[in-house]
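Breakdown of the fold
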Amino acid sequence: MLEKEAPHLLEKRETKERREGLPELNNATKGKVVLRFAPNPNGPLSFGHARGLVINSTFRAMYDGEFILRFDDTDTKVKPPMLEAYAQIQEETEWLTGRKPDRVIIASDRMDVYYQRAREMLSQEFGYVCQCPAEVFKEHRVTKTECPCRNRSTQSNIELWEAMLDGQFQPGDVVVRVKTDMTLKNPALRDWPALRLQDTTSHPHPRQNIGSKYVVWPLLDFQSAVEDQAQGVTHIIRGKDLMDSTRKQTLLYQHFGWTYPETMYWGRVKVHEWGGFSTSQMRKDIETGTYGGWDDPRLPTLGALRERGITSEALRGFWLELGITQKDISVPLATLYAHNTKSVDDTAPRLSFLRNSNVFELQGEDIPGNLELATHPNHPSMGTRTWNLETGTILLEESDCHQNKVRLKEFADIALHGGIARFQGLQRSDKRPIVHWLPDGCGGPATLIETANGVIHRTDGYLEHHEHPIGTIVQLERIGYAKILDDKTLIVCHEAKSEGA
RNA sequence: GCUCGUAUAGUGUAGUGGCCCAUCAUGAAGGACUCUCAUUCCUUCGACCCGGGUUCAAAUCCCGGUACGAGCACCA
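Quick summary incoming for the structure in this document. Keep in mind the model is a prediction, meaning the values are calculated, not measured.

So, about the protein's contact with RNA strand B. Near RNA strand B, the surroundings consist of 59 residues, among which Lys79, Arg141, Gly172, Arg407 and Tyr481 are the closest. The sugar-phosphate backbone supplies 71% of the atoms of RNA strand B found within 4 Å of the protein. Take Asn186: an N or O atom from its side chain is 2.8 Å from a sugar or linking oxygen of RNA strand B. The separation between a phosphate oxygen of RNA strand B and a polar main-chain atom of Ser330 is 2.6 Å. Among the elements of the structure, α1 (2-16), α5 (134-143), β6 (193-197), α8 (243-256), α11 (312-322), β11 (329-331), α12 (333-344) and β18 (405-408) are those that each provide at least two residues to the surface near RNA strand B. Grouping the constituent residues of the surface near RNA strand B by class yields 21 nonpolar, ten polar and 28 charged.

Put into structure tokens, the structure is as follows:
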């Protein structure tokens, strides 16, 4: 009896173990999973985009599948694409996921595919050209009534379609709709628009070979649905704001006789310290000079985070930990910083940096000529740095100079009097505070950049000499992690905790 | 208004009827280690939205309420 139950209990016990990482995908076969992430290249990637990249690319790895990066650049007016973003997004994707996407698709290169499907839709009578003004159709949608255009003949639909392509209409005059059902419970799904006109003469597409070539453009729901089918996408994981997109697209798939991919959604994420940022708004603020550029450290772009020393590993850990719940959440940056500390501490060389340094003359007997310090306290293999004491003068941070007795870290006890630092022996003799310091001549002027509450602060100071290459993330002792931007500038990785937040 | 979705510690997250007086992380507080206010380690704090129902048994299923979010664009 007990033996009978034992295996059962054991099995159950295992399922209760805390799940590590992402959950399983429904209907997924190893080697046959195709995922995609489809940003609009109207600017470089931001923090939020990282979620789509991390989640989708991690599933790709889990199932040994394929990952597609797709540029949904089908709006030239409301969210005009930015030419430089195409290359930048690809580069950032590779940085973040550690791998090139298996395929890169640009929607504006695929217009013939969308046109072909639109034509099929019209000739197979599950789409129609609608000439109702937006306001009028809205009325139909609300009252669940069909608009007169809905019963147009196939012949007439095709003719109007040709006229659209031919430029015989103005944007706003005409649109191609998917025939669903005007009595559908969900108003969002009622005869939704699939393609519309754009004035690409006054708003040309920034890609040279596209420019003003097309006036008829697919809308997201149509373009995305058709492209997912064309690429054989098996699983779509995206924000839950696109849940109705799934429903719209499923209706389209039914018309075409296709099977819609498996879908999963994540909720909205807000970061306490950032509020709402939109790519369009950032673009404006950069143009007006509010921000210095896309990698301005105050901005939540991937470029900015990377620039100030947030590693791709930390970003991955952060998003994987949030997973794919549909809950709307608000997270503090401290969570991201905790991941970053983990990813960075083990390899960050230690350096001394003095903000507002004061000079003291070091006096006393038996003072050694130089000093050897570990580059990293836990890793002797990272080598040592040597400080020469022969100038006889040392520097301390101003804020550490108000005490009479301090211990110079890794060196000696001293007593401070006026401009004199009296050497009191190498041994630590009491519990006096330990401060970081530098011998004069062992460093040079440098600036530390830090952002706090949306303001950039620059602190001039005295930085220990080093030979770490630009881009190295170091730890400034007693200050925090910082990234080397050039030979005289560093930027703080994790902004200080803001009080009262 | 209509439609859809979500509700577990301060913040995130695990948990799909008994292993749960609930997991892990982060945070806060305390401590150990350390010649950094770093790292590492230990301890403590702290939660199943509310009300009904089903059941021997509910965080887990059902109904209602409440709260929050999203969609209803010729944006993505």
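Here the narrative resumes, following the displayed structure.
Turning our attention to the pattern of salt bridges. Using the criterion set out here, one finds 31 salt bridges in the structure. Close ionic contact of Asp400 with Arg478 constitutes a salt bridge, the shortest N to O distance being 3.0 Å. Remark: Arg478 occurs in the loop between β25 (473-476) and β26 (480-486) and Asp400 occurs in the loop between β17 (393-397) and β18; sequence separation between them is 78 residues. Here Arg407 makes a salt bridge to Asp413, at a shortest N to O gap of 2.9 Å. Per residue, the accessibility class of Arg407 equals that of Asp413, and both read buried.

Here we come to the nonpolar core. With 38 residues, the main nonpolar core has Met121, Trp161, Met164, Val176, Leu195, Phe222 and Leu252 as its most contacted residues. When residues of this core are traced back to their parent elements, those giving at least two are α4 (111-123), α6 (154-165), β5 (175-178), β6, β7 (216-218), α7 (220-231) and α8. When residues in this core are grouped by element, the largest group, six residues, is from α4.

Before going further, it helps to examine the environment of Arg316. Relative to the helices and strands, Arg316 is located in helix α11. Residues Arg316 and Trp192, spaced 124 residues apart in sequence, show a C-alpha to C-alpha distance of 36 Å.

One covalent bond between the sulfur atoms of two cysteine residues makes up a disulfide. Summed over the entire model, instances satisfying the criterion amount to zero disulfides. With no disulfide of its own, Cys130 lies 3.7 Å from the sulfur of Cys132, the closest cysteine sulfur. Of all cysteine sulfurs in the structure, the one in Cys442 sits closest to Cys401, which takes part in no disulfide; the separation is 17 Å. A relative accessible area of 16% places Cys401 in the buried class.

Quick notes on the rules
- Residues numbered from 1 in each chain as written.
- Chains lettered and ligands numbered in written order.
- Predicted model: local features only at pLDDT ≥ 70, side-chain atom pairs only at ≥ 80, totals over all residues.
- Heavy atoms only, no water.
- Near = heavy atom within 4 Å.
- Polar contact = N/O pair within 3.5 Å; in protein donor to acceptor, adjacent residues only side chain to side chain.
- Helix = DSSP H or I, 4+ residues; strand = E, 2+ residues; numbered from the N terminus.
- Nonpolar A, V, L, I, M, F, W, Y, C, P; charged D, E, K, R; others polar.
- Salt bridge = Lys/Arg side-chain N within 4 Å of Asp/Glu carboxyl O.
- Buried < 20%, exposed > 50% of the residue type's maximum accessible area, 1.4 Å probe, protein only.
- Core = buried A, V, L, I, M, F, W, Y, C linked by side-chain atoms within 4.5 Å.
- Disulfide = S-S within 2.5 Å.

As far as function goes, none of this settles anything; it's purely spatial.
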